Amino acid sequence: MSIISMIPYTYVERKIKRTQKVTIQHSKDMCLYTDNIQTENDCFHINSVFDISYKCVSKESGFLYLHTNQGMFAYTIHTDPAAFIAAYKDIKKKG
């Protein structure tokens, strides 16, 4: 199955190593397929996703929200999600 659209997202991991706090920022890809949306740790069936929204918090970043039947999932993104959201809505419309 081929990827319809893809958007990079980041998450922060915090660890305590000996006497110091270490913060690691990871970058992963969210992939939209015709029947699901996949992240590093989750896979959402397209019928389980009710909506996708975006909230800009600064010039450099914002939150992409997946509204699902399992709750709302927020992902930090640093690129414009318009093409990803439009591709999702196109799949839902055809669906």
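The coordinates are above.
### A few points about the overall build of the protein
Phase 1: From N to C terminus, the protein includes one helix and seven strands.
Phase 2: The helix and strand sequence of the protein, counted from the amino end, reads β-β-β-β-β-β-β-α.
Phase 3: Its C-alpha atoms give the protein principal-axis dimensions of about 55 × 25 × 25 Å.
Phase 4: The burial tally for the protein puts 33% of its 95 residues in the buried class.
Phase 5: A separation threshold of at least 6 residues defines the contact pool for the protein, and within that pool the share at least 24 residues apart is 41%.
Phase 6: When the 12 positive and 9 negative side-chain charges of the protein are each reduced to one mean point, those points stand 7 Å apart.

### Quick word on the pattern of salt bridges
Phase 1: According to the stated counting rule, one finds two salt bridges in the structure shown.
Phase 2: For glutamate 13, the salt bridge goes to lysine 15, with nearest N and O atoms at 3.6 Å.
Phase 3: Close ionic contact of lysine 94 with aspartate 90 constitutes a salt bridge, the shortest N to O distance being 3.4 Å. Here the residue lysine 94 and the residue aspartate 90 both occupy positions in helix H1 (residues 82-94), the gap between them amounting to four residues, near one helical turn.
Phase 4: What makes aspartate 90 partly exposed here is its relative accessible area of 36%.

### Some details on the pairing of strand E6 (residues 62-68)
Phase 1: With five of seven residues buried, E6 lies mostly within the body of the structure.
Phase 2: Counting the residues between successive antiparallel strands, the hairpin from strand E5 (residues 49-56) to E6 contains five residues.
Phase 3: Across seven bridges, E6 lies against strand E7 (residues 71-77) in antiparallel orientation. Bridge assignment links leucine 66 to a residue of E7, and that residue is phenylalanine 73.
Phase 4: The turn joining E6 and E7, which pair antiparallel and follow one another in sequence, is formed by two residues.

What counts, and at which threshold
Each chain carries its own residue numbering, running from 1 in the written order of its sequence. Local features in a predicted model are, by the rule used here, given only for residues with pLDDT of at least 70; side-chain atom pairs are given and counted only at 80 or more, and totals for whole chains, interfaces and linings are based on all residues. Side-chain measures here rest on the full set of heavy atoms in the structure, leaving out hydrogens and waters. Think of it this way: any DSSP run of H or I at least four residues long counts as a helix, any run of E at least two long counts as a strand, and we number them from the N terminus. Between buried and exposed lies partly exposed: a residue is buried under 20% and exposed over 50% of the maximum accessible area for its type, with that area taken using a 1.4 Å probe on protein chains only. For this analysis, residues touch if any pair of their heavy atoms sits within 4.5 Å. Residues scored as charged are limited to Lys and Arg (positive) and Asp and Glu (negative), so that His and the chain ends carry no count. To locate a charge, the coordinates of NZ of Lys, CZ of Arg, CG of Asp or CD of Glu are taken. Salt bridge, as used here, is a side-chain nitrogen of Lys or Arg placed within 4 Å of a carboxyl oxygen of Asp or Glu. Here the rule is simple: two strands pair whenever DSSP picks up at least two bridges between them.

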